[in-house]
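Okay, here's what each chain looks like letter by letter:
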Amino acid sequence: MLIWYIFCLPSPLFDVSYSTVVSDRHNELLGARIAGDEQWRFPESDSIPEKYKVCLVEFEDRHFYRHWGVNPLAIGRAVKQNLSSGRIVSGASTITMQTIRLSRREGRTIFEKAIEAILATRLEFACSKEEILNLYASHAPMGGNVVGIEAASWRYFGHKAATLSWAEAATLAVLPNSPALMHFGRNRDRLLDKRNRLLLHLHTQGILDEVDYELAVSEPLPMQPQPLPNVAPHLVARLYQDRGGQHIVSTIDKMQQERTEIILNRWNAEFAQNGIKNIAAIIFDVKKNEVLSYCGNVDFESSVSGNQVDIIQAPRSTGSILKPFLYCAMLQEGQLLPNQLLPDIPLNLGGFTPKNFSLQYDGAVPASEALARSLNIPFVVALRQYNVQRFHNLLKKGGMTTLNRPSNVYGLSLVLGGGEGKLWDISYMYLQMVQQLNMFNEEGRYYEMKPPAYILNSDNNKKGERIHNPLFTAGAIWQTLDALTNVNRPEELDWQSIPSIQRIAWKTGTSFGFRDGWAIGASARYVVGVWVGNADGEGRPGLTGARTAGWVMFDIFNSLPQSSWFARPDKDLVSVEVCTKSGCLAGMNCPKEEIGSQMVCKKGREASVCTYHKLVHLSRDMKYQVYNDCAGSRGIVHTSWFMLPPSWEWYYKEQHPDYRSLPPYSPECSDNTHLKLMEFIYPFQNAVISLPKQLDGSPGELVFELAHRSPRNKVFWHLDGEYIGETEYIHKMSYSPAAGKHKLTVVDESGINLFINFTIK
């Protein structure tokens, strides 16, 4: 019998399902999901409010702290009352016995009452009085499908139990005695009477003074159930799937979350006028390595426009948002210097013909400017040099979980949005860059860091093992972030001219078809990622990263505390001499006045040397190229000349009026055949071309285009050996070739010739 008594208490005492409750880092409720049995039953709490405890004990069991689960005096009194009344009017149950009854959920019989009494005494041995009160308060019926004090406090009064008033605590104390009274259409007077009688008792006992008593009895009963908070609903839903039935303390800051949601809802109202219905945003706290705000979408309650889709975790086309990682990697490897010129001309790479968003070309552009302006062609050229497979591996190592196909499937388009990424993954990659830079500046070392957490834990920002070969080094990261501060802000303000505007490194991205707008920004304290678009993938005119997500991102940064800019990691950089015109390492022909010093990554000492400055021989008046044996009276001077390839030069000089083309050879001198004077812009070598059709169905014309260092030279055009025309200054020729293979030949007036092969479908 003794052994049975020892082991008679079930473990756990309550075998029930619980609601999923999610609170912020300050234990403020964000949201909840109903338990599996359709009850609002919050997980057991560690303690209950003092006011409720006093009300409960005074109403249910005034001798609670003086008995061992069963009150013999109460049993004797109940027997006497029941016999004199001829019916059961008192059950003599203590709070401990009621707790046992709630856990067993059996019928109310004399035998069951005896079992409850035995188990109640056993519970008194197993738990403290405070623990028993907590068990009761967490499982007491509170009317309808509401169970427990915490759920009832939120459902009936709209706040947590810790802030219950005396009137509210008294209401919840009397409710389990008759939970059916909590019906907002009937029985209100009976409930109010029971509450006020308890308050009067508390006043009579001296627990409530006159003022508190009068204030308490004047409080009305709630008119209708209160909706539970619904802050960060997509995160709450995610935690419900992952850790259902628990009380989870998240890393979210409720105030910042609400500010962010207000910003998103305001912009959503504006974007919706253009048929753009969804926005997502995430904020990472860099130092804490935690999620500060998680907005998976807007208007969660609506299911019309995919608002319940958590875009933060949804794969979307990346647009140009990955370009900084390629830029950073190439800086780190010495394959690129910050201001090194990259070509920005029409390209055809095996049928892949990338174009800039503006559909314009600069000829050549510094790499940092190409990044700030998000030019496509320079980065396709850069990726071709870096290697697609290598970049693919780097992105996966950095945290992109969506690159599930081989690198050759993505090809060079990978850097332009040919792959898909999640807002979480890409923001995390920017976060890693900022964290590694901060760690290097603080300790001169790199450490492993766990992925950012959204569940509060004391070791979320604990450093792992030391890293000797980080994904990105501090010098490359700093130079990348520095370049990203030069992106034109959407409000068209210069942050350098307004001290109150914090310096932010940021990058936008726009997917093909205007389906996705991205913006990710970083300061030393925060990383903010924003996505704008339609969850169903519908594209809309004007849906670009800069015009949509950029605005939202800066509004979010303005709602955050400001932070200082990153210190330059001089220990990870070296000073080198560079050509200020080409951005390459200074070459032997670079003029001294065009050589400057620049801090670069250590491998930058192995970067390309300038080949654009060439030693040329000119007449004294600088109007002609000459040789020693034919200069004659024109004289000869030897000078360095900045010279781009013809196809680069053709577009470059339109953007740079100060660019000087190399002068022609003097009439007395023959052309220098080693110098490339002409270059085809279109078509490309071995191109396969489909001619457009006119309105009448006839084939349209193909426009041939040529770059010539001396545009005023006449150029004679021949197709398959047949003369088709000549051009001067602007070297474009329209013609409609027949289907098949062709050879296009051009000859300038000095006899220089060039040819190219192409095919018409």
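S.K.: Tell me about the sheet that holds strand β27 (residues 740-748), and name the residues and values.
M.R.: Read from one edge of the open sheet, five strands run β22-β28-β27-β24-β25, paired in mixed fashion. Looking along the sheet, the strands with just one partner apiece sit at the ends: β22 (687-689) and β25 (722-727). Shown here is a sheet whose adjacent strand axes are inclined to one another by a mean of 30 degrees, direction ignored. Judged from the five bridges that link them, strand β24 (residues 715-719) and β25 form a sheet pairing that is antiparallel. Paired with Phe 716 across the two strands is Glu 726, which belongs to β25.

S.K.: Any chance you could break down the packing of aromatic side chains for me, citing the residues and the numbers?
M.R.: Applying the stated criterion across every chain, the model contains 22 aromatic pairs. Measuring from ring centre to ring centre gives 4.8 Å for Trp 565 and Phe 566, while their planes differ by 75 degrees; the resulting arrangement is edge-to-face. Since its relative accessible area comes to 19%, Trp 565 is described here as buried. The class of Phe 566 is buried, set by a relative accessible area of 6%.

S.K.: Let's hear about the packing of helix α2 (residues 50-60) against helix α8 (residues 166-174): which residues, and what values?
M.R.: Taken N-terminus to C-terminus, the directions of α2 and α8 make an angle of 45 degrees; their axes are 8 Å apart at the nearest point. The pairing of α2 with α8 is recorded here as oblique in orientation. The handedness of the crossing between α2 and α8 comes out as right-handed. Residues Lys 51, Tyr 52, Val 54, Cys 55, Leu 56, Phe 59 and Glu 60 of α2 lie in contact with α8, whose contacting residues are Trp 166, Ala 169, Ala 170, Leu 172, Ala 173 and Val 174. Looking at the contact of α2 with α8 residue by residue, the classes come out as eleven nonpolar, no polar and two charged.

S.K.: Could you give me a rundown of the pairing of strand β14 (residues 505-510), with the residues and numbers involved?
M.R.: Among the six residues in β14, five count as buried, and that is most of the element. In terms of strand pairing, β14 meets strand β15 (residues 516-522) through six bridges, oriented antiparallel. Pairing of Ala 505 across the sheet is with Ala 522, part of β15. Between β14 and β15, which pair antiparallel one after the other, the connecting turn spans five residues, and Gly 513 there sits at a positive phi close to 85 degrees.

S.K.: How would you explain the sheet that holds strand β26 (residues 732-735) if you had to name every residue and give the values?
M.R.: Here three strands make up an open sheet; going across it, the order is β21-β23-β26 and the pairing antiparallel. Looking at the sheet topology across the chains shown, the edges are occupied by β21 (678-682) and β26. The mean inter-strand angle of the sheet, taken between neighbouring strand axes irrespective of direction, is 25 degrees. Relative to strand β23 (residues 702-708), β21 runs antiparallel, the two sharing four bridges. Within β23, the position partnered with Met 678 by the bridge is His 708. Strands β21 and β23 of the sheet are contacted by helix α21 (residues 646-655), whose axis makes an angle of about 90 degrees with β23.

Rules behind the numbers
- Residues numbered from 1 in each chain as written.
- Predicted model: local features only at pLDDT ≥ 70, side-chain atom pairs only at ≥ 80, totals over all residues.
- Heavy atoms only, no water.
- Pairing = 2+ DSSP bridges.
- Helix = DSSP H or I, 4+ residues; strand = E, 2+ residues; numbered from the N terminus.
- Axes fitted to C-alpha atoms, helices over the stretch in contact; angles between N-to-C directions.
- Phe/Tyr/Trp six-rings, centres within 6.5 Å; stacked < 30°, edge-to-face > 60°.
- Buried < 20%, exposed > 50% of the residue type's maximum accessible area, 1.4 Å probe, protein only.
- Parallel < 35°, antiparallel > 145°, perpendicular 65-115°, else oblique.
- Left-handed = near helix turned anticlockwise from the far one by under 90°.
- Contact = heavy atoms within 4.5 Å.
- Nonpolar A, V, L, I, M, F, W, Y, C, P; charged D, E, K, R; others polar.

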